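So you can see what is in the structure, the chains are spelled out below.
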Amino acid sequence: MSEEKSLNFIEEIVEEDIRAGKHNGRVHTRFPPEPNGYLHIGHAKSICLNFGLAKRYNGKTNLRFDDTNPVTEDTEYVESIKDDVCWLGFEWANELYASDYFDIIYGFAMSLIKQGLAYVDDSTAEEIAAQKGTPTEPGTANQYRSRSIEENVQLFEEMKAGKYPDGAKVLRAKVDMASPNMHMRDPIMYRIKHAHHHRTGDKWCIYPMYDFAHGQSDAIEEITHSICTLEFIPHRALYEWFIEKLEIFPSRQYEMARLNLTYTVMSKRKLLQLVNEGHVDGWDDPRMPTISGLRRRGYTSASIREFCDRIGVAKRENLIDVGLLEFCIREDLNKTAWRRMAVLDPVKLVITNYPEGQDDILHGENNPEVEGGEGGRDIPFSRELYIEREDFMEVPPKKFFRLGPGLMVRLKHAYIIKCEDFVKDADGNITEIHCSYIPESKSGQDTSGIHVKGTIHWVSVPHAKTAEVRLYDRLFKSEDPSAEEGDFKDDLNPNSLQVINAFVEPDLATALPGKGYQFLRKGYFTLDKYSTAEKLVFNRTVTLKDAWAKEVKKG
RNA sequence: UUUCCUGUGGUGCAACGGUAGCACGUCUGAUUUUGGUUCAGAAGAUCGUGGUUCGAAUCCAUGCAGGAAAACCA
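Treat the numbers as computed from the prediction; the structure is a model and nothing was measured.

## Remarks on the overall build of chain A
Item 1. Helix and strand counts for chain A come out as 13 helices and 25 strands.
Item 2. Taking 555 residues into account, the globule formula puts the C-alpha radius of gyration at 24 Å, and chain A, at 31 Å, lies well above it.
Item 3. In terms of principal-axis extent, the alpha carbons of chain A reach across some 100 × 55 × 45 Å.
Item 4. Within the span of chain A, comprising 555 residues, buried residues form 53% of the whole.
Item 5. Taking all contacts inside chain A whose residues are at least 6 apart in sequence as the whole, residues at least 24 apart take part in 70%.
Item 6. Element-wise, carbon and sulfur atoms account for 49% of the exposed surface of chain A, whose accessible area totals about 25500 Å².

## A word on the protein's contact with RNA strand B
Item 1. Near RNA strand B there are 64 residues, and of these E12, R310, S443, Q518 and K550 occur at the shortest range.
Item 2. Of all RNA strand B atoms lying within 4 Å of any protein atom, the proportion belonging to sugar or phosphate reaches 62%.
Item 3. Between RNA strand B and the protein, one listed contact pairs a sugar or linking oxygen with a side-chain N or O atom of S6 at 3.1 Å.
Item 4. Within the side chain of R410, one N or O atom sits 3.2 Å away from a base oxygen of RNA strand B.
Item 5. Along the lines of polarity and charge, the residues of the surface near RNA strand B split into 24 nonpolar, 18 polar and 22 charged.

## Describing the packing of aromatic side chains
Item 1. Under the defined criterion, the tally for this structure stands at 25 aromatic pairs.
Item 2. Positioned above the aromatic ring of Y164, the side-chain terminus of K169 is 4.1 Å from the ring centre.
Item 3. When the ring centre of Y97 is taken as origin, the NZ or CZ atom of R199, which lies over that ring, is 3.5 Å away.

## Re a negative patch on the surface
Item 1. Judged by side-chain charge, D321, E479, D480, E484 and E485 come together as a negatively charged surface patch.
Item 2. Tracing the sequence through the fold places E479 in the loop between β21 (465–472) and β22 (497–504).

## Some thoughts on the side chain of R147
Item 1. With respect to the helices and strands, R147 occurs in the loop between α5 (125–131) and α6 (149–161).
Item 2. Ignoring any residue separated from it by four or fewer positions in sequence, one finds R147 in contact with V120, D121, D122, N152 and L155.

## Focus: helix α2 (residues 41–56)
Item 1. Across its 16 residues, α2 extends 22 Å between first and last C-alpha, which sits within 8% of the 22 Å expected from 1.5 Å per residue.
Item 2. Counting buried positions over the 16 residues of α2 gives 13, a clear majority of the element.
Item 3. One or two steps after α2, the chain reaches N58, where phi turns positive at roughly 60°.

## Thoughts on the pairing of strand β13 (residues 360–365)
Item 1. Taking every second residue as pointing to the same face, the buried face of β13 carries D360, L362 and G364, while none of I361, H363 and E365 on the other face is buried.
Item 2. The pairing of β13 with strand β14 (residues 376–381) spans six bridges and is classified as antiparallel. Its bridge partner being in β14, L362 is matched across the sheet by I379.

## Topic: the packing of helix α4 (residues 102–114) against α6
Item 1. Between α4 and α6, the least distance of the axes is 9 Å, while the angle of their chain directions is 160°. Comparing their axes, α6 and α4 come out roughly antiparallel. Seen from above, α4 lies across α6 with right-handed handedness. Within the contact between the two elements, α4 uses Y106, A109, M110, I113 and K114 and α6 uses I149, N152, V153, F156, E157 and K160.

## Things to note about the packing of α4 against helix α8 (residues 236–246)
Item 1. One way to put it is that α4 packs onto α8 with a least axis distance of 10 Å and a crossing angle of 75°. As judged from the angle between their axes, α4 and α8 are roughly perpendicular. In this structure, α4 uses F108, S111 and L112 to contact α8, whose residues at the interface are F242, K245 and L246.
Item 2. Across the contact of α4 with α8, the residue classes break down as four nonpolar, one polar and one charged.

## Brief notes about helix α12 (residues 322–336)
Item 1. In a regular helix each residue adds 1.5 Å, so 15 residues correspond to 21 Å; α12 covers 21 Å between its end C-alpha atoms and thus fits that length.
Item 2. Among all positions of α12, only V322, L325, C328, I329, R330, D332 and L333 are buried.
Item 3. Against α10 (291–297), α11 (301–311), β10 (338–340), β24 (523–527) and β25 (536–542) lie the buried residues of α12.
Item 4. Two or three places before G323, at the opening of α12, D321 has a side-chain oxygen 2.8 Å from that residue's backbone nitrogen.

## Examining the sheet that holds strand β17 (residues 416–424)
Item 1. Strand order in this open sheet of seven strands is β19-β16-β17-β18-β12-β15-β20, and the pairing throughout is mixed. The outermost strands of the open sheet, each flanked by one partner alone, are β19 (455–456) and β20 (458–460).
Item 2. The sheet contact formed by strand β15 (residues 384–388) and β20 spans three bridges and is antiparallel. For I387, the partnering residue across the bridge sits in β20 and is W458.

Parameters and conventions
- Residues numbered from 1 in each chain as written.
- Chains lettered and ligands numbered in written order.
- Predicted model: local features only at pLDDT ≥ 70, side-chain atom pairs only at ≥ 80, totals over all residues.
- Heavy atoms only, no water.
- Helix = DSSP H or I, 4+ residues; strand = E, 2+ residues; numbered from the N terminus.
- Rg over C-alpha atoms; globule rule 2.2 N^0.38 Å.
- Buried < 20%, exposed > 50% of the residue type's maximum accessible area, 1.4 Å probe, protein only.
- Contact = heavy atoms within 4.5 Å.
- Areas by Shrake-Rupley, 256 points an atom, 1.4 Å probe, with all protein chains shown as cover.
- Near = heavy atom within 4 Å.
- Polar contact = N/O pair within 3.5 Å; in protein donor to acceptor, adjacent residues only side chain to side chain.
- Nonpolar A, V, L, I, M, F, W, Y, C, P; charged D, E, K, R; others polar.
- Phe/Tyr/Trp six-rings, centres within 6.5 Å; stacked < 30°, edge-to-face > 60°.
- Lys NZ or Arg CZ within 6 Å of the ring centre and 35° of its normal.
- Patch = residues over 30% accessible without salt bridge, like charges linked within 9 Å, V, L, I, M, F, W, Y side chains within 5 Å.
- Salt bridge = Lys/Arg side-chain N within 4 Å of Asp/Glu carboxyl O.
- Lys, Arg positive; Asp, Glu negative; His and termini not counted.
- Charge placed at Lys NZ, Arg CZ, Asp CG, Glu CD.
- Expected span 1.5 Å × (residues − 1).
- Pairing = 2+ DSSP bridges.
- Axes fitted to C-alpha atoms, helices over the stretch in contact; angles between N-to-C directions.
- Parallel < 35°, antiparallel > 145°, perpendicular 65-115°, else oblique.
- Left-handed = near helix turned anticlockwise from the far one by under 90°.

Written out as structure tokens, the structure reads:
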């Protein structure tokens, strides 16, 4: 109650509006994706903001597809977007489409024409661009600007009727060709596209532009707070101009900074390119910053919501350290993931004083963070184990609390062992480590009195299951790939995916899809969508924090 | 060199004329049968210059820096 978190600037505006009794205190937001790609973590920020606002202020949020460009849009995207919003844990009040409003918007256009505020222009795209001027030079009017209302009405009707080919004519708002705001220099409202629309089919061959569809849709739905990103600031004047001239519901547009994350790109155009050119395994490749990619990677929706909460909302450009996202998923998974053992880079260890052919069943809790451990599982133990190659050093440095000649460690959930000997092959690689174990040091009933500094994980050789494990690293080499010169794809990290074969404890054969597992000391993992009963496939969600790696790096 | 937006520790976000705070990261140390977790502590910031004021991160002026704006994309 007392921890009164400060409001972001949008919440301040909303609270002010409520206080002033604007729209009778009603709050209605919308999330307006264009169905031409998959949602990414940047969209999650917008989703959390829009739906969060509604939740906080007792309002509603519409899911509205901004589907005004039939050539780039597809129902596959519509479905994925709905899945992702649901998965993130939000419920929309209405599922709507800008295309549902095409008739109304056409009427709006006609109304503007009849007010003498819109005209049909026969210029080519190049001519229009040239007449627009530049940010420092005013634009110039052409002869079509002075067409009569009657002529404009007839021409626009003919455009709708399909009398003209693509690009032959456009409908333009008659605003101000000399405005310092380029978007006010008679923006295009409608263009001709003889294209099949994913919802309206072939009913239309003219489609409204963003500027003549988005604000109008907001007004139709009586959206009170229409939140978008900074690049739409110059559009706001136009947004309000249309509302004023059309005398429709006065929705208001507010702009916030989009999310940028280190070591990735966030533009749908670039992400689409990575997909189309096969640099990744589809939109849901675990290295992608897409919601579906993060989900497949093992991120939980709670961790993404937490992340969006932590990054805040403001108007300055930002570049968020991906480390914060990793912090959020570790924080969540630490509390929920079940612990298991897996050896990713194995070397064989033989316990010389353990009877050959003998098995032992040990027990390990599922989750030490929860009282009672959330139950546990049996772990078979035997004379021959796999341990991590990096857990043995022939010449260990000081502060190395693992295995080396004469050194002792505890095998997690098992016994303390002492390294007696090791075997090397002709190339000098360690092929086998020989240890003795201390029978009275068994976990939970240790009477040995021996204390060791290190504990390592292991898997019993005869009981081990094999699994393919996919280790991911950042997709790009530099913090801000878009800022690099040349093609952003030149910055792709060639080592962003490493596929290995690992040995995992037998219980993992029954791992559940969608569940996070902590492979002790190695990180958090989850089943990949390609995993089968015959062939287990795990994705590494994120590594554990590794103080030793940091120590080593320091040298 | 037109118009607009933005400048607070390394990063992100607060402080709304009254002691610059939180989180991630970094660095110590403690605990630990995960070099994880947890706990304790430390370092580190108001773009510059003027002005208004008893008092400025906050208001004003100016300079500087970064970003955005000219698709029949959204």
